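# Summary of structural features
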Amino acid sequence: MNLLLLEDSDFTAEHQVRLSGRRLAHMQEIQQVAVGDNLRVGRINGLMGHGEVTALTSSHAELKVQLSTPPPAKLPLTLLLAMPRPKMFRRILQHCATLGVPEIILLNSYRVEKSFWQTPFLQPDALRENLLLGLEQARDTLLPTVRIEKRFKPFVEDSLPGIINNQLALVAHPGDYPACPRGINQPLTLAIGPEGGWIPYEVEKMVAAGMQPVQLGERILRVETAVTALLARLY
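Residues numbered from 1 in each chain as written. Predicted model: local features only at pLDDT ≥ 70, side-chain atom pairs only at ≥ 80, totals over all residues. Heavy atoms only, no water.

### With respect to the pattern of salt bridges
One pass over the structure, following the stated rule, counts 10 salt bridges. Residue Asp-140 is joined to Lys-74 by a salt bridge in which the shortest nitrogen-to-oxygen separation is 2.6 Å. Here Asp-140, found in the loop between α3 (124-138) and β9 (145-149), pairs with Lys-74, found in the loop between β6 (61-69) and β7 (77-82); they are 66 residues apart in sequence, far enough to count as distant. Taking the shortest distance from any N to any O, the salt bridge between Lys-205 and Glu-157 comes out at 2.5 Å. Placement of the pair is Lys-205 in helix α5 (residues 200-208) and Glu-157 in helix α4 (residues 152-164), with a sequence separation of 48 residues. (Salt bridge = Lys/Arg side-chain N within 4 Å of Asp/Glu carboxyl O. Helix = DSSP H or I, 4+ residues; strand = E, 2+ residues; numbered from the N terminus.)

See the structure below:
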């Protein structure tokens with residue numbers, strides 16, 4: 001936990017918070033804080049700063065906080081992600097939050113198993129928890145938005161052109177396509193497929209909506225590896 005994230009409900013006064021649960025356990029067991037120590041803190045979807053521990057018991061901690069620093073800038077990116085396997089979904093969410101992805105659209109695909117959509121990690125509380133873990137790692141406070149689209153064709157035909165809005169849009173897919181560009185500095189919509197990649201029909205539909213296919217080389221990557229590799233290359 002590189003940043004102690006504060007909920008609105010934690011505030012007992014304008015500059016005073018009271019914490020318990022996981023964050024208290026981390027403060028005591030990992031950081032081993034004492035009264036008078038200063039910690040990096042940030043208000044979720046707000047400013048960052050520092051907090052001084054003013055009281056500490058086995059049940060709660062109280063901090064006096066000063067918040068004045070804006071969070072780091074997000075990437076100019078909308079990530080279109082075929083729903084991953086649940087066992088890696090949590091890690092991918094955390095990676096995306098850590099890397100500064102502001103918007104994630106989870107999309108169905110022919111190779112996405114129906115059971116993937118039943119994972120409890122798609123519940124709002126679980127989504128939020130994993131995004132917060134990524135923000136803590138990166139020292140960021142702005143929660144990414146997550147949108148779920150289970151119908152591929154209607155989304156690509158009706159919604160995707162408006163999301164792209166005549167800007168750069170790339171679909172990552174193995175094959176005889178141009179190499180993924182490096183170091184872009186413009187808004188981007190990026191589509192990353194499921195294990196095994198998009199099927200040709202899906203690539204064709206996204207191209208028709210305004211996307212350009214690109215590839216990362218001959219190696220077939222796991223989704224979580226592809227997300228990290230593509231974002232590192234693009235930005």
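Past the structure itself, the notes keep going.
### With respect to the sheet that holds β6
Pairing is mixed across the open sheet formed by 6 strands, whose spatial order is β1-β4-β5-β6-β3-β2. In the strand order of this sheet, the two ends are held by β1 (4-6) and β2 (11-13), each with one partner. On average, each strand axis in the sheet is inclined to that of its neighbour by 40 degrees, with strand direction left out of account. As paired elements, strand β5 (residues 48-56) and β6 share 8 bridges and run antiparallel to each other. Note on β6: the bridge partner recorded for Met-48 is Thr-69. (Pairing = 2+ DSSP bridges. Axes fitted to C-alpha atoms, helices over the stretch in contact; angles between N-to-C directions.)

### Observations regarding the sheet that holds strand β8 (residues 103-107)
The 6 strands lie next to each other as β9-β8-β7-β11-β10-β12, forming an open sheet whose pairing is parallel. Of all strands in the sheet, those with a lone pairing partner are β9 and β12 (212-214), marking the two edges. Averaged over all adjacent pairs, the angle separating strand axes in this sheet is 20 degrees, with direction ignored.

### Quick word on the nonpolar core
In globular proteins that are soluble, nonpolar side chains generally tend to be buried together. Counting residues in each nonpolar core, the largest one holds 59 residues, and the members touching the most others are Leu-160, Leu-190, Trp-198 and Met-206. Setting aside its immediate chain neighbours within four residues, Met-206 contacts Leu-80, Phe-152, Val-156, Leu-160, Val-171, Ala-191, Trp-198 and Met-211. Core analysis: the second largest hydrophobic core is formed by 14 residues, Val-17, Leu-19, Leu-24 and Met-27 among them. (Core = buried A, V, L, I, M, F, W, Y, C linked by side-chain atoms within 4.5 Å. Buried < 20%, exposed > 50% of the residue type's maximum accessible area, 1.4 Å probe, protein only. Contact = heavy atoms within 4.5 Å.)

### A closer look at the environment of Thr-78
By the element assignment, Thr-78 lies in strand β7. Each C-alpha atom of the pair Thr-78 and Leu-190 lies 6.4 Å from the other, and the pair is 112 residues apart in sequence. Once residues lying within four places of it in the same chain are set aside, the contact partners of Thr-78 are Glu-103, Ile-105, Ile-163, Leu-188, Thr-189 and Leu-190.

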